[in-house]
Amino acid sequence: MNSKHLTAVALTGAAVVGLGALSPAASASAHFARPTSGGHTSDGQTADGRGSLVKAEHLRALSADEVRTVLGQGGFDASTVRRGVDAYRLTYRTIGTDGRATTATGLFAVPRGKRGKLTPVSYTHGTTSYKPDAPSTSGTPWAVGPAYTYAGSGFAAVVPDYLGLGEGPGTHPWKDVPSETSASLDMLRAARAFAPRTGHSLDRDVLITGFSQGASTALGLARTLQDGADRHFRVKAVAPISGGYDFANAELPALLNGELEAKSSVLYAAYLLTSWQRIHGGVYTTPSEVFQAPYADRVEKYFDGTTPGQVMFQGTPNRLTDLLTPRGWAVLRNPSGTFASALRTDGEVCTAWTPRMPLRFYRAETDEQATTLNTAHCVASLQKRGLNPPVENLGKPLYQGSLHLGTNVAGTGKIVHWFLSQAA
C-alpha cells in the first residue's frame, strides 16, 4: 500500500557496470505459484539461473552528511547513520507469476569506507503503481530512505522493486505474495553475487523488514527461507510494518464499509481487481462488469505501470460508490472462485507457518489505509500456534498527512535500532 505517494525523481546519467544482457521471456498471467528454490550450483546460484546478475549500475555516492540530509528531508531518523552510502541498481534473473524466466530490478546500497562482511537487510516497499516510483528508479527520500538508513548504519540494504516495477518488464502483479517473495529472494541472491565487486560479502544471517504491501512480502520471504529455499541465507529477525495481512477478513470489510480513507479505498479496490484479473483471470470478462463508466475504459491503463501517479489519482473517483458496479461490489464483498482462492493464499503469511525467529510487528495507533485489524488478526493466528510476537504501537506519526505512510518513516527508525542489537 502507499497510495498517497505520487511523485518520483528520474535518475539520469547512471554509470553502467555491464554484466551481459538477457532477453527475458514475457511474464504472462497464470496461477498463484509457490516460490521454489530451483536447485543450487556450486557457486550459490540456482541451476535455472534465478538470482544471477544481468547488469549493475552505480547510481550515486553520498557522504554520511549527505545521507543524513536526504533522510532528514523525508523525516527519517538519521541518528544511527555513521557512514556514507554507495547505491546501485541491480538487474537480475527471476521468474514471473507463471514460473517463466524474466528479469527484475532492485536497489542495493552499502556503507562507504567499510569493507568485508555485511549483514543484509531485506526491505520490501509499499504500494506504487508507476514504474519510475520504485526504489531503484526514484531518488526521492521516501523511496530511498529505508535503504539509506540501513546502509548508512552499516548494513547492506537489499531492496527489490518487485516484478514489473523499476526497469523490470511487464506489468506489476500487485498483492501477489508468491511473486513478491520470489523476486525478493532472487534480489538477495543477486546482491550476494554483486557484493564482492564493492569490496564486501554478505553474511548468511539476513534481517527482513517491509512496509504495507511489503510487510506481507517480508513474512513471505521469511517463510520461504525458513523452509530452506536457499542454502546460504537464514533469517535472523523479521519486522513488518503496517501490513494488509488479512485482506479477506480485515482489509476488504473495512474498505467496503467506509471505515478507511475514501480515496485510498478507491485506488486499492481498482488495483486489486485489475491486478488479480491479469494474474488469475476469472474476475471479470470486461472492465465494465465491475467498473462504472467512464472509469471502465481507462482503469486498466492507470495500473499498468505507465501512468504517473498524479494522473491516476486525478482520473479516478473519490468514492467507491462512483467506481464499482453491483458486480464489482459482489466480487469484493462475497469472494468466490479464483478470487477467493487468491485471498486465502495472500493470508497464508500469517496462517500457514510458524516462525522460528525473533518477530516484531509495527503499526500506528490507527491507520486510514491499512486497518490495524490486519495486524491483530495476524498476531492472533500466530498465537494459536504458540507464539506471542510483540506489537509496537508507533502512535500517530504523520508523513504528508498520512498515519499509514508515517509508520514507514517512524518504523524504520525503530527497526534499525532493533536490527543493530540483533546483529551485535
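Since the model is a prediction, treat every value here as computed from it, not as a measurement.

## A few points about the pattern of salt bridges
Next up, step 1: For the structure shown, the criterion picks out 14 salt bridges.
Next up, step 2: Here Arg-68 ties to Asp-65 by a salt bridge, and the two come within 2.6 Å at their closest N and O atoms. Of the two residues, Arg-68 and Asp-65 both sit in helix H1 (residues 64-74), three residues apart, roughly one turn of that helix.
Next up, step 3: With a relative accessible area of 55%, Asp-65 lands in the exposed category.
Next up, step 4: Put simply, Arg-189 and Asp-230 hold a salt bridge, and the shortest N to O gap is 2.8 Å. On the criterion of sequence distance, the pair formed by Arg-189 in helix H3 (residues 177-194) and Asp-230 in the loop between helix H4 (213-226) and strand E10 (234-241) is long-range, its members being 41 residues apart.
Next up, step 5: Classification of Arg-189 by relative accessible area gives buried; the value is 2%.
Next up, step 6: By relative accessible area, Asp-230 is classed as buried at 4%.

## Quick notes on the packing of helix H5 (residues 247-256) against helix H6 (residues 262-280)
Next up, step 1: Packing of H5 against H6 brings their axes to within 10 Å, and their N-to-C directions diverge by 130°. Between H5 and H6, the angle falls in the class oblique. In this structure, H5 uses Phe-247, Leu-252 and Leu-255 to contact H6, whose residues at the interface are Ser-265, Tyr-268, Ala-269 and Leu-272.
Next up, step 2: Residue composition of the contact of H5 with H6, by class: six nonpolar, one polar and no charged.

## Some remarks on the nonpolar core
Next up, step 1: Leu-90, Phe-108, Ile-208, Leu-219, Leu-225, Val-238 and Phe-361 are the most contacted members of the largest nonpolar core, which totals 44 residues.
Next up, step 2: Here the element with the most residues in this core is H3; it accounts for eight residues.
Next up, step 3: With sequence-adjacent residues up to four places away left out, Ile-208 is seen in contact with Ser-122, Ala-218, Leu-221, Ala-222, Leu-225, Val-235, Ala-237, Val-238, Ala-239 and Phe-419.
Next up, step 4: Core analysis: the next-biggest nonpolar cluster, separate from the first, contains 38 residues, Leu-62, Leu-107, Ala-237 and Trp-418 among them.

## Considerations on the packing of aromatic side chains
Next up, step 1: Counted by the stated rule, this structure contains 14 aromatic pairs.
Next up, step 2: When the ring centre of Phe-313 is taken as origin, the NZ or CZ atom of Lys-263, which lies over that ring, is 4.9 Å away.

## Notes on unusual backbone geometry
Next up, step 1: That bond from Ala-293 to Pro-294 is cis: its omega, 0°, falls within 30 degrees of zero.
Next up, step 2: Within the secondary structure layout, Pro-294 lies in the loop between H6 and helix H7 (299-302).
Next up, step 3: Of note, Ser-212 is a non-glycine position whose phi angle comes to about 60°, a positive value.
Next up, step 4: As for its placement among the helices and strands, Ser-212 is situated in the loop between strand E9 (205-211) and H4.
Next up, step 5: Even without a glycine there, the phi angle at Gln-400 is positive, about 50°.
Next up, step 6: On the secondary structure map, Gln-400 appears in the loop between strand E12 (391-393) and helix H12 (403-423).

## Some points on H12
Next up, step 1: Along its 21 residues, H12 runs 29 Å from first to last C-alpha, staying within 8% of the 30 Å computed at 1.5 Å per residue.
Next up, step 2: Bending of H12 peaks at approximately 25° at the position of Gly-411.

## Quick look at the side chain of Thr-375
Next up, step 1: One can find Thr-375 in helix H11 (residues 373-383).
Next up, step 2: With sequence-adjacent residues up to four places away left out, Thr-375 is seen in contact with Tyr-245, Phe-361, Arg-363 and Val-391.

## Some remarks on the pairing of strand E7 (residues 156-160)
Next up, step 1: Counting buried positions over the five residues of E7 gives five, a clear majority of the element.
Next up, step 2: Side-chain alternation along E7 places Ala-156, Val-158 and Pro-160 on one buried face and Ala-157 and Val-159 on a second face that is also buried.
Next up, step 3: Both strand E4 (residues 101-111) and E7 contribute to a ladder of four bridges, which runs antiparallel. The residue of E7 that forms the bridge with Ala-109 is Ala-157.
Next up, step 4: Handedness of the crossover joining strand E6 (residues 120-124) and E7 through helix H2 (residues 141-152): right-handed.

## What about the state of the cysteines?
Next up, step 1: Taken as a whole and assessed by the stated rule, the structure comprises one disulfide.
Next up, step 2: Covalently, Cys-350 is tied to Cys-378 through a disulfide, its sulfur atoms 2.0 Å apart. Here the disulfide of Cys-350 and Cys-378 is left-handed, its torsion about the S-S bond being about -95°. Of this pair, Cys-350 sits in helix H10 (residues 337-351) while Cys-378 sits in helix H11, placing them 28 residues apart in sequence.
Next up, step 3: Residue Cys-350 is classed as buried on the basis of its relative accessible area of 3%.
Next up, step 4: What makes Cys-378 buried here is its relative accessible area of 2%.

Parameters and conventions
- Residues numbered from 1 in each chain as written.
- Predicted model: local features only at pLDDT ≥ 70, side-chain atom pairs only at ≥ 80, totals over all residues.
- Heavy atoms only, no water.
- Salt bridge = Lys/Arg side-chain N within 4 Å of Asp/Glu carboxyl O.
- Helix = DSSP H or I, 4+ residues; strand = E, 2+ residues; numbered from the N terminus.
- Buried < 20%, exposed > 50% of the residue type's maximum accessible area, 1.4 Å probe, protein only.
- Axes fitted to C-alpha atoms, helices over the stretch in contact; angles between N-to-C directions.
- Parallel < 35°, antiparallel > 145°, perpendicular 65-115°, else oblique.
- Contact = heavy atoms within 4.5 Å.
- Nonpolar A, V, L, I, M, F, W, Y, C, P; charged D, E, K, R; others polar.
- Core = buried A, V, L, I, M, F, W, Y, C linked by side-chain atoms within 4.5 Å.
- Phe/Tyr/Trp six-rings, centres within 6.5 Å; stacked < 30°, edge-to-face > 60°.
- Lys NZ or Arg CZ within 6 Å of the ring centre and 35° of its normal.
- Expected span 1.5 Å × (residues − 1).
- Bend = angle between axes of the 7 residues up to and from the residue.
- Pairing = 2+ DSSP bridges.
- Right-handed = clockwise from strand over helix to strand, strands pointing away.
- Disulfide = S-S within 2.5 Å.

Just distances and angles here, no functional claims.
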